[in-house]
Amino acid sequence: MVFTFPLNDKRNVEELLKHLAEHKLNFPGNCVVSVKPHVAHVSSMNSFALGTARTAW
């Protein structure tokens, strides 16, 4: 499953990685993060944790 996380000045890649870790998603362990300008695409087999992280973002 892949979700898109919007990024901005306050919500940057470092904050995203911390946020994912709070939901038991660790890069490069159990998720893949692809960063583009203004968004990050995160994929993981753990769809529940990924969905919860996206909702809370």
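Heads up: the structure comes first, above all this text.
These numbers come from a predicted model, not from an experiment.

How would you explain the overall build of the chain if you had to name every residue and give the values?
Per the secondary structure count, the chain includes two helices and three strands. Ordered by position in the sequence, the α and β elements of the chain form the string β-α-β-β-α. By the compact-globule yardstick of 10 Å for 57 residues, the chain fits well, its C-alpha radius of gyration being 10 Å. Considered along the principal axes of its C-alpha atoms, the chain spans approximately 25 × 20 × 20 Å. The burial tally for the chain puts 30% of its 57 residues in the buried class.

I'd like to hear about the sheet that holds strand 1 (residues 2–6), residue by residue, with values.
Sheets are built from strands that pair by backbone hydrogen bonding, the pairs being arranged parallel or antiparallel. With antiparallel pairing, three strands are arranged side by side in an open sheet as 1-3-2. The open sheet is flanked by strand 1 and strand 2 (32–36), the only strands paired with a single partner. In this sheet, neighbouring strand axes are inclined to one another by 20° on average, regardless of whether the strands run parallel or antiparallel. Pairing of strand 2 with strand 3 (residues 39–43), which is carried by five bridges, proceeds in the antiparallel orientation. From the neighbouring strand, Ser34 faces strand 3, where its bridge partner is His41. Contacting strand 1 and strand 3, helix 2 (residues 47–56) crosses the sheet at an angle of about 20° to strand 1.

Give a description of the pattern of salt bridges that names residues and reports values.
Enumeration over the complete set of coordinates arrives at one salt bridge. The salt bridge involving Glu15 is made with Lys18; its shortest N-O contact spans 3.7 Å. Residue Glu15 and its partner Lys18 are located together in helix 1 (residues 13–22), separated by three residues, close to a single helical turn.

Pulling in residues and values, what's your account of the nonpolar core?
One finds Phe5, Leu16, Leu20, Leu25, Cys31, Val33 and Val42 to be the most contacted residues of the largest nonpolar core, which totals 13 residues. With three residues, helix 2 is the single largest residue contributor to this core. Every residue in contact with Val33, bar those within four places of it in the chain, is listed here: Leu17, Leu20, Phe27, Ala40, His41 and Val42.

Tell me about helix 2, and please be specific about residues and values.
Turning to helix 2, its buried residues number three or more, namely Ala49, Leu50, Gly51 and Ala53. Where helix 2 is buried, its residues meet strand 1, helix 1 and strand 3.

Reading the values: the criteria
- Residues numbered from 1 in each chain as written.
- Predicted model: local features only at pLDDT ≥ 70, side-chain atom pairs only at ≥ 80, totals over all residues.
- Heavy atoms only, no water.
- Helix = DSSP H or I, 4+ residues; strand = E, 2+ residues; numbered from the N terminus.
- Rg over C-alpha atoms; globule rule 2.2 N^0.38 Å.
- Buried < 20%, exposed > 50% of the residue type's maximum accessible area, 1.4 Å probe, protein only.
- Pairing = 2+ DSSP bridges.
- Axes fitted to C-alpha atoms, helices over the stretch in contact; angles between N-to-C directions.
- Contact = heavy atoms within 4.5 Å.
- Salt bridge = Lys/Arg side-chain N within 4 Å of Asp/Glu carboxyl O.
- Core = buried A, V, L, I, M, F, W, Y, C linked by side-chain atoms within 4.5 Å.

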